[in-house]
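Chains, contacts and geometry: an overview
Single-letter residue listing:
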Amino acid sequence: QVQLRESGGGLVQAGGSLKLSCAASGRTFITSAMAWFRQAPGKEREIVAVISQGGTVRRYTDSVKGRFAISRDNAEGLVTLQMNKLEPEDTAVYYCAARPRTVSGEIPTSGYEYWGPGTQVTVST
């Protein structure tokens, strides 16, 4: 199993930055692909960024490319999402998720089994 908890959300003005962190524990973390999802009010949950188990491969949804960066530290059990040039459209609850038993370089966009409780990000105009 993997236990996840997000932190770092808050209120920021458009153009500003936030860094989200996800503290992960559990034996399968190091073999898990990790992702950040978000869900805005009235919208479907969408995947924002994915990182492979070893941290060598990353993928981003088009709307955040060039602004967001995902990283992980397997020794510390930490996954982060650096968010720059934030826009009001980025307002959402952000979730950290884990998909265990992936192979090296795999960056799945579905099948995530473990989720954190979420952290709110609000971007004002």
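Going by the structure above, here's the rest.
Let me sum up the structure you'll find in this document.

Cut-offs applied
- Residues numbered from 1 in each chain as written.
- Predicted model: local features only at pLDDT ≥ 70, side-chain atom pairs only at ≥ 80, totals over all residues.
- Heavy atoms only, no water.
- Salt bridge = Lys/Arg side-chain N within 4 Å of Asp/Glu carboxyl O.
- Buried < 20%, exposed > 50% of the residue type's maximum accessible area, 1.4 Å probe, protein only.
- Disulfide = S-S within 2.5 Å.
- Helix = DSSP H or I, 4+ residues; strand = E, 2+ residues; numbered from the N terminus.
- Pairing = 2+ DSSP bridges.

1. Digging into the pattern of salt bridges
The tally for this structure, following the rule as stated, stands at 7 salt bridges. For K65, the salt bridge goes to D62, with nearest N and O atoms at 3.0 Å. Judged on exposure class, the residue K65 and its partner D62 are both exposed. Through salt bridges with shared partners, a single network forms among R38, E46, R67, E87 and D90.

2. Brief notes about the state of the cysteines
All chains considered together, the criterion is met by 1 disulfide. Here C22 engages in a disulfide with C96; their sulfurs sit 2.1 Å apart. Residues C22 and C96 are joined through a disulfide that is left-handed, its torsion about the S-S bond being -80°. Of the two residues, C22 is situated in strand β3 (residues 18-25) and C96 in strand β9 (residues 92-99); the sequence distance between them amounts to 74 residues. Note on accessibility: C22 and C96 belong to one class, buried.

3. Here's the deal with the pairing of β9
Along any regular strand, the residues point their side chains to alternate faces of the sheet. The buried fraction of β9 amounts to 6 of the 8 residues, a majority that puts the element mostly inside the structure. Direction of pairing for strand β4 (residues 33-39) relative to β9: antiparallel, over a ladder of 7 bridges. Bridge pairing in β9 links W36 to C96. Two elements, β9 and strand β10 (residues 114-115), share 2 bridges in a ladder whose sense is antiparallel.

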